[in-house]
Amino acid sequence: MRAVVASRPGAPEVLAVTRRAVPQPAAGEALVRVVAAGVNRADLMQRAGTYPGAAADPILGLEVSGVVVATGADVSEGLIGREACALLPGGGYAEYVAVRAAHLAPVPAAVSLRDAAGLMEAAATVWSNLYMPSPPEPGSWMLVHGGASGIGSLAVQFAVAHGVRVATTVGSPEKGLFVEKLGAELVIDHRRQDFADELLERGIRPATVLDIIGADYLERNLQVLGRGGRLVIIGHQSGASTQIDLSRLLLGNLTVTGSGLRMRPDHEKDRIIDDLVRHIWPLYERGEIVPTTHAALPFEQAAEAHQLLEQSHHRGKVLLLADPDLPPTPDRQP
Ligand SMILES: NC(=O)c1ccc[n+]([C@@H]2O[C@H](COP(=O)([O-])OP(=O)(O)OC[C@H]3O[C@@H](n4cnc5c(N)ncnc54)[C@H](OP(=O)(O)O)[C@@H]3O)[C@@H](O)[C@H]2O)c1
């Protein structure tokens, strides 16, 4: 089969299409013929050699969509022929991938098989970090940093669908228009405005903050949170170490938490996937939230796909297409 690997740690150009043996599904697994794979920021870090604890699998890719073509022991053969999307520890940028069967999900009606490749990582991250163990209150404010990102574009839509009011940061006016269409009420251009000033001037004290920036934003995230508020850190693009004034936690009765989806044990991911199929998939099926595919490029253009994310020229999700005959679709917007 064809698969995309990083020939060595480095810039996007180290990505190359190579030939690998088709994996065999082990007990509890299904083999998926891949239609498309989602590109995530973690893939960029793995390619560059900076992702801590990345799986040994040199084939990148944390999520795919496709068709089940074989099953291992203990998995129903009834799955064969089903269209599905899947969450993976790695191995998604390939024509075939063996998947833990419990980490498959159906493709929601109203979502194309191709676009389904970009659902699982964002949905599982948003659900597990913001809605477990309990969801934010409808009517409360949520601050979503990077609302035009793959994760942010779902976080914004899902919060709005739950009656939560969304403020979000973006890096350009074009991205601002994009997140407004997704339902964000307050859009802050982080290149021109200070998000804490903008929120505090309006008297907005979010009950929840979803952060992907880390060190540079920590103090201001704590400053804006309302009493009893919750800061959820899922990325630290500006750095992982900083100092904070701990008295803010005591005075505001604040909670600071975070998690990494990839390193969660399988049984936790099983439950998260069950939950998102029950709680998020119906919203896709009713058209209340939509996939945000920005571009879908063939495996041969994996380096361009990584450059799009690296230069932050995308809005929503970037996909890679396993089938070279599927036409590339640059700059498609929801
Ligand atoms: N913990 C987990 O389980 C988990 C799982 C998945 C993803 N993540 C993390 O979630 C983040 C998003 O992932 P993704 O795959 O969706 O990546 P992505 O689409 O490449 O998003 C990265 C975003 O960061 C934004 N950004 C950069 N500097 C910013 C700043 N100073 N303020 C606000 N936003 C800023 C960019 O927006 P602009 O261009 O508009 O600035 C861009 O939209 C990454 O940090 C990733 O590591 C964590």
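So, here is what we can say about the structure in this document. If you're wondering where the values come from, they're calculated on a predicted model, not measured in any experiment.

### Things to note about the packing of aromatic side chains
Counted by the stated rule, this structure contains 5 aromatic pairs. Aromatic side chains Tyr-131 and Phe-158 sit 4.7 Å apart centroid to centroid with 70 degrees between the ring planes, which places their arrangement in the edge-to-face category. Linking Tyr-131 in helix α2 (residues 120-131) with Phe-158 in helix α3 (residues 150-161), this pair joins segments that are 27 residues apart in sequence. Through pairs of rings, three or more aromatic residues link up here, namely Trp-127, Tyr-131 and Phe-158. Its end group placed over the ring of Tyr-51, Arg-262 keeps NZ or CZ at 4.7 Å from the ring centre.

### Considerations on the site of the ligand
Around the ligand, a shell composed of 25 residues is seen, among which Gly-171, Lys-175, His-190, Tyr-217 and His-314 lie nearest. Side-chain polar atom of Arg-41 to an oxygen atom of the ligand: 2.8 Å apart, as the coordinates give it. Measuring from a nitrogen atom of the ligand, one finds a backbone N or O atom of Ser-259 at 2.7 Å. For the ligand, the protein covers 89% of the area, taking 900 Å² as the surface of the free molecule. Of all the secondary structure elements, the ones that give two or more residues to the shell around the ligand are α2, α3 and β9 (165-170). When its residues are assigned to classes, the shell around the ligand shows 8 nonpolar, 13 polar and 4 charged. Looking at the shell around the ligand, you find at least three residues from each of domain 1 (2-119 + 291-321) and domain 2 (123-258).

### Topic: the environment of Ala-27
Structurally, the position occupied by Ala-27 is in the loop between β2 (15-19) and β3 (29-39). In this structure the C-alpha to C-alpha distance between Ala-27 and Arg-100, which are 73 residues apart in sequence, comes to 8.7 Å. Among residues more than four places away in sequence, those in contact with Ala-27 are Ala-73 and Asp-74.

Definitions and cut-offs
Residues numbered from 1 in each chain as written. Predicted model: local features only at pLDDT ≥ 70, side-chain atom pairs only at ≥ 80, totals over all residues. Heavy atoms only, no water. Phe/Tyr/Trp six-rings, centres within 6.5 Å; stacked < 30°, edge-to-face > 60°. Helix = DSSP H or I, 4+ residues; strand = E, 2+ residues; numbered from the N terminus. Lys NZ or Arg CZ within 6 Å of the ring centre and 35° of its normal. Near = heavy atom within 4 Å. Polar contact = N/O pair within 3.5 Å; in protein donor to acceptor, adjacent residues only side chain to side chain. Areas by Shrake-Rupley, 256 points an atom, 1.4 Å probe, with all protein chains shown as cover. Nonpolar A, V, L, I, M, F, W, Y, C, P; charged D, E, K, R; others polar. Domains from an automatic or database assignment. Contact = heavy atoms within 4.5 Å.

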